[in-house]
Amino acid sequence: MNRVVKKTLSNVFALKIPRKPFCTEAVKVAGSTSVEAFNELEKNQTFSKVSPQYDIAIVGGGMVGIALACFLASMPMTKLLRVAIIDSNPALGSSLHIKKEDPPDPRVSTVTPASISFLQDAGAWKYVEKNRHAYFSKMQVWDYTGLGYARYNARDVDKDFLGCVAENKVLHNALLSSIKDSDFKTTIYPSRLTAMSLNTSSKSMVENTTSEEPLSARGHSAELQLSDGSSIYAKLVVGADGGKSHVRDLAGIKTTGWNYSQNAIICTVEHTSENGCAWQRFLPTGPIALLPMGDKFSNIVWTMSPTESNNRKSLTEEEFLKGVNSALNYGHGPHPTSSLLGTRDMFSWFKLDETISTNEFFEIPPKVTRLASERMVFPLSLRHANSYASKRLVLIGDAAHTVHPLAGQGVNLGFGDAFSLSRIIAEGIALGSDIGEVNLLKKYEAERKSANIMMMAILDGFQKAYSIDFGPLNILRGAAFHGANYISPLKKSIISYASGEHKLPIFF
Amino acid sequence: MASNHVRNLNRIITIHRIFHNPLLNARSFFSDASLPQTHPSHPSSLKDNELAKFASIADTWWDSEGPFKPLHVMNPTRLTFIRSALCRHFKKDPYSAKPFEGLKIVDVGCGGGILSEPLARLGATVTGVDAVEKNIKIAQLHAGLDPATSTIEFCCTTAEKLVEEGRKFDAVMALEVIEHVADPAEFCKSLAALTDPDGATVISTINRSMRAYATAIVAAEYVLRWLPKGTHEWSSFLTPEELVLILQRAGINVEEMAGFVYNPVTGRWSLSDDISVNFIAFGTKSKNT
């Protein structure tokens, strides 16, 4: 009898993934009334309802989630991973064809040199360059008080450009194309995540014997239930599902942050000639940025109170553009001059070596002549997840941190997260680690948390510094601008920090 | 097949021995399961409880913040050394995700399987042995949960018994074990006997130095309480020279050695030339032995 039983058992095992029968067998045998019955049952399940297993499930197929897949596809250690991408956005499955003649989308990102090099290494940047994009080598930042301005030039730090502005859909498509070039196995689930169990302990696995799956399948895996009724298993779940991350909520990770009670109006505008500089002016109501987008287009990110944003959204094109031109010119205050407060002399003893842009004069941004897209309004908030990693779970991009869009840093922080996580996964695989192991994932958290918090604090500080219109503070701000414009080591470190190089924005 | 059957039976017996369950003995349990007509399945819930209890021990063992934290923290560093040494010796592609494919490796003193599992993920065919039955159960339970590691063969046995069985391996690992064995020279002979000609042996242990006394015993056992008091006995530690010598007598030439250095600020271990406390040695068995 026993011999027969044994034979049935080993036959069953031969059909499946090889595994040690110890715990599965003991549990199932104990729970069932007949070994044979259990074998039959399990055999049927082997053929019918075993949920697919993946190494990594990326929830959210936006720029950051796809960037992670793209980085994983580009490294020898990780290119064999089986990756599932869960996103209900239909654009993911059908390859969206972008035509260069299409009107530019107002959703754009300023990609820093550091992010560009990540995308270049992953083979995605060449696709960005095939579409509309705009490198810019100059940046001018000034404020409404007329007390200060700063000009930055890529040549200050011996670079060709400070950054590149590209439409989000161009970046997204470039990342998808580069994954398609590789033989990386990704499966896209056009669905939403409805429930998640991380199965972090073997105890819960053993106790949860009601599940029909064999233990070795659901063992060291998180189970994800999708809105189409299917479920999948993954050793690591990556929450790349944005600021309102469902993964973060399901995992019970709390966030700290606040809403700015400010909105940003985003739109595309046209000039009569090409714009080659990034402009940012701080107004008492919030900053306005004019970013070059290639051809004669520019992108506007204009922060203001929710009431004002709604008003400006409903204005006629002509009136809206008048507002934009005024905000970028004389609106709220005069143009700054270099001689105010004598700051130039004040800082002259400090000039260790002259940077090129120190001698550049204040310029007025090119006039906006036409509105080239609809006006979109987004509320602004700052949010930071208290933890980025737990067993079998990590958060990347906006799911981990939502920042003020002030310097277009959001997506760069996200690309930085994806890059760092992909390296740490590769490191784990090289050493045979379980990629869902918390020790490994905490390395990612340690690497990214400090970098992200630093950038968030700086952007938040800028935001706060300009939300108060108070005389003495204005002068201080003006002096700070002058300082930033004339003290070359400080200026260089500001530029390299904003370009995504990991150095604190302090001296040297 | 018959031996498999015996092993399965043994496993079940062992669980019962561990929990000293007076209600059941192994034989009656097995027949309960296979002959339900004669015995209703009343013991099944009890069985589940035991397994759950056992699983929680495994969770503690594998908790990277739990009592075995020092081992978990040190593990990636040991694997860095092993990966590079074995890739070089067996001419495997260091850029492969599974460089150990095709290698038969035995992990002597495997504990809960902390080294066996990564070796299996790196593609090796792994046998893990430990003299402590509880460890083998933990290892089996944990490895069984992942298809990538469920192929590991775990046996409650010793290196000497494997030698008697005539087993041979491409690589023999004995990490943090030799300081706990009664006769290190004999143990090394057994490791050598398990190693295929032209195979590799990797041993890691603690040096018998004053610094090792201060860190591995005073700091780890008394100050930081990483390890239970009495885990290590200083006099049974081997110096690198002694280890090289006894391995040489057993027919293994040590080709590479490295130290592990703990950085209390980052809380991480790294490989270094400093072999004054923890060290790891890689040796090969010459073809003619």
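Residues numbered from 1 in each chain as written. Chains lettered and ligands numbered in written order. Predicted model: local features only at pLDDT ≥ 70, side-chain atom pairs only at ≥ 80, totals over all residues. Heavy atoms only, no water.

Asker: I'm lost on the overall build of chain A in this one. Help?
Answerer: Each helix and strand counted, chain A has 17 helices and 20 strands in total. Summarising the internal contacts of chain A: among those between residues at least 6 apart in sequence, 79% fall at separations of at least 24. (Helix = DSSP H or I, 4+ residues; strand = E, 2+ residues; numbered from the N terminus. Contact = heavy atoms within 4.5 Å.)

Asker: How do you make sense of the pairing of strand β2 (residues 82-86) of chain A when you look at a structure like this?
Answerer: On a regular strand, one side chain projects to one face of the sheet and the next to the other, so that they alternate. All names here are of chain A. With respect to burial, β2 is a largely interior element, four of its five residues being buried. Two elements, strand β1 (residues 53-59) and β2, share four bridges in a ladder whose sense is parallel. Pairing of A57 across the sheet is with A84, part of β2. The β-α-β motif built from β1, the intervening helix α4 (residues 63-73) and the parallel element β2 has right-handed crossover chirality. (Buried < 20%, exposed > 50% of the residue type's maximum accessible area, 1.4 Å probe, protein only. Pairing = 2+ DSSP bridges. Right-handed = clockwise from strand over helix to strand, strands pointing away.)

Asker: Which parts of the structure should I look at to understand the sheet that holds strand β1 (residues 104-108) of chain B?
Answerer: Note on sheets: strands pair through backbone hydrogen bonds, and any given pair is parallel or antiparallel. Residue and element names in this part refer to chain B. Spatially, the eight strands line up as an open sheet ordered β3-β2-β1-β4-β5-β8-β6-β7, and their pairing is mixed. Of all strands in the sheet, those with a lone pairing partner are β3 (153-155) and β7 (268-272), marking the two edges. Strand-to-strand, the axes of this sheet are offset by a mean angle of 20°, without reference to chain direction. Inspection of the sheet shows strand β6 (residues 252-263) paired to β7 by five bridges, in the antiparallel sense. Its bridge partner lying in β7, V261 is registered against S270. The strands that helix α6 (residues 133-143) touches are β2 (125-129) and β3; relative to β3, the one it contacts most, it runs at about 165°. (Axes fitted to C-alpha atoms, helices over the stretch in contact; angles between N-to-C directions.)

Asker: Would you mind showing me how to read the packing of aromatic side chains here?
Answerer: Residue and element names in this part refer to chain A. Summed over all chains, the structure comprises 13 aromatic pairs over all chains. Relative to F118, the ring of F71 lies with its centre 6.3 Å away and its plane at 80°, an arrangement referred to as edge-to-face. Here the residue F71 occupies a position in helix α4, and F118 occupies one in helix α5 (residues 113-121), the gap between them amounting to 47 residues. Taking relative accessible area as the criterion, F118 reaches 15% and is therefore assigned buried. Taken together, F71, F118 and F419 form an aromatic cluster joined through their ring pairs. One Lys or Arg, R375, reaches over the ring of F320 and ends 4.8 Å from the middle of that ring. The side chain of K449 reaches across the aromatic face of Y388, ending 5.8 Å from its centre. (Phe/Tyr/Trp six-rings, centres within 6.5 Å; stacked < 30°, edge-to-face > 60°. Lys NZ or Arg CZ within 6 Å of the ring centre and 35° of its normal.)

Asker: Sorry if this is basic, but what is going on with the UniProt feature "transmembrane region" (unreviewed entry) in chain A here?
Answerer: Those places that UniProt annotates as "transmembrane region" (unreviewed entry) correspond, in this numbering, to residues 56-75 of chain A. The annotated region residues 56-75 of chain A carries 55% helix and 20% strand content, and the separation between its end C-alpha atoms amounts to 15 Å. (UniProt positions renumbered as here; feature names shortened; annotations may be inferred.)

Asker: Explain the packing of α4 of chain A against helix α14 (residues 410-430) of chain A here, please?
Answerer: Between two packed helices, both the angle of their axes relative to each other and the distance between the axes serve to describe the pair. Residues and elements named next belong to chain A. Relative orientation of the contacting elements α4 and α14 amounts to 30°, with a least axis distance of 9 Å. Considering only the axes of α4 and α14, their crossing is right-handed. Here M63, V64, A67, L68, F71 and L72 of α4 lie close against α14, whose contacting residues are V411, G414, F415, A418, F419, L421, S422 and I425. Here the contact of α4 with α14 is built from residues that sort into 12 nonpolar, two polar and no charged. (Left-handed = near helix turned anticlockwise from the far one by under 90°. Nonpolar A, V, L, I, M, F, W, Y, C, P; charged D, E, K, R; others polar.)

Asker: Please explain the sheet that holds strand β3 (residues 108-111) of chain A as it appears in this structure.
Answerer: Residues and elements named next belong to chain A. Spatial ordering of the open sheet is given by β3-β7-β4, a layout of three strands whose pairing is antiparallel. The sheet is open, and its two edges are formed by β3 and β4 (133-136), each paired on a single side. On average, adjacent strands in this sheet sit at an angle of 20° to one another, irrespective of strand direction.

Asker: When you look at the pattern of salt bridges in this model, what are you seeing that I'm missing?
Answerer: A side chain of one charge can pair with a side chain of the opposite charge if their charged atoms are brought near each other. What the rule picks out here adds up to 23 salt bridges over all chains. Two residues, R151 of chain A and E363 of chain A, come together in a salt bridge whose shortest N-O distance is 3.3 Å. Of the two residues, R151 of chain A sits in strand β6 (residues 149-153) while E363 of chain A sits in the loop between α13 (343-346) and β16 (370-371), which places them 212 residues apart along the sequence. Note on R151 of chain A: relative accessible area 1%, which makes it buried. Within this structure, D55, R82 and K235 of chain A together with E117, R121 and D146 of chain B form a network of salt bridges that share partners. (Salt bridge = Lys/Arg side-chain N within 4 Å of Asp/Glu carboxyl O.)

Asker: Teacher, can you tell me more about the side chain of H89 of chain B here?
Answerer: Residue and element names in this part refer to chain B. Within the secondary structure layout, H89 lies in helix α4 (residues 69-89). Take H89: its relative accessible area is 19%, and that puts it in the buried class. With sequence-adjacent residues up to four places away left out, H89 is seen in contact with D198, G199, A200, F282 and T284.

Asker: When you look at the UniProt feature "binding site: Mg(2+)" (unreviewed entry) in chain B in this model, what are you seeing that I'm missing?
Answerer: All names here are of chain B. If you check UniProt for "binding site: Mg(2+)" (unreviewed entry), the listed places come out as E176, E179 and H180 in our numbering. Note that E179 resides in the loop between β4 (169-175) and α8 (184-194). Here H180 shows up in the loop between β4 and α8.

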